[in-house]
Amino acid sequence: MKCELYEELFTGWINKELSAEEKGVLEQHISGCDHCRTELEALQQLWGHIGQIETPEPSANMSVKFYAMLDTYKESVKEQRSLWADIKYQLSNFWQWQPRWPMAYNLVMIVILVVGGYLLFGKNKSDDQDRQLQALSSQVHELKQTMMLALLENPSASERIRGVSYTSEIKHADKQVIDALLATLNNDPNVNVRLSTLDALTHLAGHPEVREGLIKSIVEQDSPLMQLAIADVMLKLQEKRSVNSFKELLKQKDLDHGVRDKIKQTITQLI
Amino acid sequence: MLKVKAGDLDRMGMLFERYNRQLYGFLFHMTYQRELSEDMVQQVFYKMLKYRHTFTGTGEYIHWMYSIARNVLKDHWRKNKQQVQHEGVEAAETIAGGLVPDEAFEKKQAKAELHRAMGKLSESQREILALSRFQELKCQEIAQILGMTEGTVKVRIHRAMQELKSIYVKMER
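Residues numbered from 1 in each chain as written. Chains lettered and ligands numbered in written order. Predicted model: local features only at pLDDT ≥ 70, side-chain atom pairs only at ≥ 80, totals over all residues. Heavy atoms only, no water.

An unreviewed UniProt entry annotates chain B as Sigma-70 family RNA polymerase sigma factor originating from Mucilaginibacter rubeus. For the record of chain B, the UniProt heading Sequence similarities (unreviewed entry) holds the text "Belongs to the sigma-70 factor family. ECF subfamily." (UniProt positions renumbered as here; feature names shortened; annotations may be inferred.)

Student: Give a detailed account of the pattern of salt bridges, specifying residues and quantitative values.
Tutor: In total, this model carries 15 salt bridges over all chains according to the counting rule given. Salt-bridge contacts for arginine 194 of chain A lead to aspartate 222 of chain A; the nearest nitrogen and oxygen are separated by 3.7 Å. Note that arginine 194 of chain A is positioned in helix H8 (residues 191-203) and aspartate 222 of chain A in the loop between helix H9 (208-220) and helix H10 (224-237), a separation of 28 residues in sequence. Of the charged contacts, one joins glutamate 248 of chain A and lysine 251 of chain A as a salt bridge, the two residues approaching to 3.7 Å between their closest N and O atoms. By relative accessible area, lysine 251 of chain A is classed as exposed at 62%. One network of salt bridges, with partners in common, ties together Lys47, Asp75 and Arg78 of chain B. (Salt bridge = Lys/Arg side-chain N within 4 Å of Asp/Glu carboxyl O. Helix = DSSP H or I, 4+ residues; strand = E, 2+ residues; numbered from the N terminus. Buried < 20%, exposed > 50% of the residue type's maximum accessible area, 1.4 Å probe, protein only.)

Student: Go over the interface of chain B and chain A with me, naming the residues and quoting the values.
Tutor: Counting residues at the interface gives 47 residues for chain B, matched by 36 residues for chain A. Roughly 4000 Å² is buried in total at the junction of chain B and chain A, and carbon and sulfur atoms are behind 65% of that figure. It is Arg133, His158 and Met161 of chain B in chain B that bury the most area against chain A; as a group they hold 16% of the surface buried on that side. Our enumeration of links across chain B and chain A arrives at 3 salt bridges. Taking the shortest distance from any N to any O, the salt bridge between arginine 21 of chain B and glutamate 57 of chain A comes out at 2.0 Å. Between the two partners, chain B and chain A, sit 14 residue pairs in polar contact (both at pLDDT 80 or more). Those elements giving two or more residues to the side of chain B that touches chain A turn out to be helix H2 (11-31), helix H3 (34-50), helix H6 (102-119), helix H7 (123-134) and helix H9 (150-172) of chain B. (Contact = heavy atoms within 4.5 Å. Buried area = accessible area lost by both parts, 1.4 Å probe. Polar contact = N/O pair within 3.5 Å; in protein donor to acceptor, adjacent residues only side chain to side chain.)

Student: I'd like a rundown of unusual backbone geometry, residues and numbers included.
Tutor: Positive phi, normally seen in glycine, also occurs at tyrosine 32 of chain B, with a value near 65 degrees. Relative to the elements of secondary structure, tyrosine 32 of chain B occurs in the loop between H2 and H3.

Student: Residue-level account of a nonpolar patch on the surface, with values.
Tutor: Together, Leu83, Trp84, Ile87 and Leu91 of chain A give the surface a local cluster of nonpolar side chains, amounting to about 430 Å² of exposed area. Along the polypeptide, tryptophan 84 of chain A turns up in helix H4 (residues 60-96). (Patch = residues over 30% accessible without salt bridge, like charges linked within 9 Å, V, L, I, M, F, W, Y side chains within 5 Å. Areas by Shrake-Rupley, 256 points an atom, 1.4 Å probe, with all protein chains shown as cover.)

Student: Which residues make up the nonpolar core, and what values do they have?
Tutor: The biggest cluster of nonpolar side chains holds 76 residues, and the ones touching the most others in it are Met12, Phe45 and Tyr61 of chain B. Other than its neighbours up to four places away in sequence, phenylalanine 45 of chain B contacts Phe66 and Met69 of chain A together with Met12, Leu15, Phe16, Asn20, Leu23 and Tyr61 of chain B. (Core = buried A, V, L, I, M, F, W, Y, C linked by side-chain atoms within 4.5 Å.)

Student: Mind laying out the side chain of arginine 133 of chain B, listing which residues take part and the relevant values?
Tutor: Looking at where arginine 133 of chain B falls in the secondary structure, it is placed in helix H7. In this structure the side chain of arginine 133 of chain B is engaged in a polar contact, spanning 2.8 Å, whose partner is the backbone oxygen of tryptophan 47 of chain A. Among all residues touching arginine 133 of chain B, those that are not within four sequence positions of it are Trp47, Gly48, Ile50 and Gly51 of chain A.

Structure, rendered in structure tokens:
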């Protein structure tokens, strides 16, 4: 066995941890190996010397410091515990809050339903609104029409003119309005009212009954102003059916000269 | 210690009374500084309180204490890497200092020399000698603390002794 292999036993020898058997093995080796024997002796001596090195005592200060530290630590642990107890208490309180959660849940559900409902039915709603708006505007329209008709019956000429002017605001003049206007055109005592009525009717010339009414009205007019104006309108509308009516008018002996010339001119232009 | 772990912190006082000298001795032989060693004892006991939940009870309490002490030492050395050796030697000299009668003087000087020689060992060698010689722990216990086999511990002790011897011999010349 090589000397290095006894190293473990050396340590055991000097700190007296060897078993009797191990001791025997080592003793046998050193009896034959001078090198190891001197080495072991030297180490044994050194080991002894080391043991004589004094270890100083700690000062009393150390123990004072220790107990101070222990006390502070105990305090801090207590604090931590009370903190934990606080948290526990808060948690238990939290459980009592529980009934409020369904309420919060309800609120959330309401919000969701409102938003969802708006998203789902919002379109229909706006359609509804459109319909309502249309109904409303048609009602206003009707109201205007009624007002116009009422104004045409008004004794004041200016009010009647105002009534006639309303027709420009009526988009879809129905038969009732046209009849009322034609009646005004033929029968109104005031020439200004009749002139404005003629103007209003010209705008409604798209309706065939308006045209017919105007043609029929030619012979009904006795005012030169009206005759001239109606001749202009016929010319503008290029209404050839009015020629006969104008020829009838020319037969009237008391017809104004100016009007007569104008009508003749109109007839030639229309034909 | 298990009682401390369970919350009986006053038991720590008992442990302190029983082990503070031993721990102080170990730390002193590792650092050669009295005050520093006292501070470290304090640190070790504080850590044992703070990390008492990590004590499993499977090993000996003393092994746990030494492993914490070793960590404290490691931290210290990491922070003051260069200071230690220098201070260590100086401190060893101050122990030897003071007026003493002639006969005792030589003996004392020899001890101081040896102590100084130990200061020149590597930290791990000094540690293993401190544990085995000053703390008088059995190789098996040291093996547990250092986390190595008993055989390795024995070989390391032997190597440390040889190294110490050669340093000491050089110093005497």
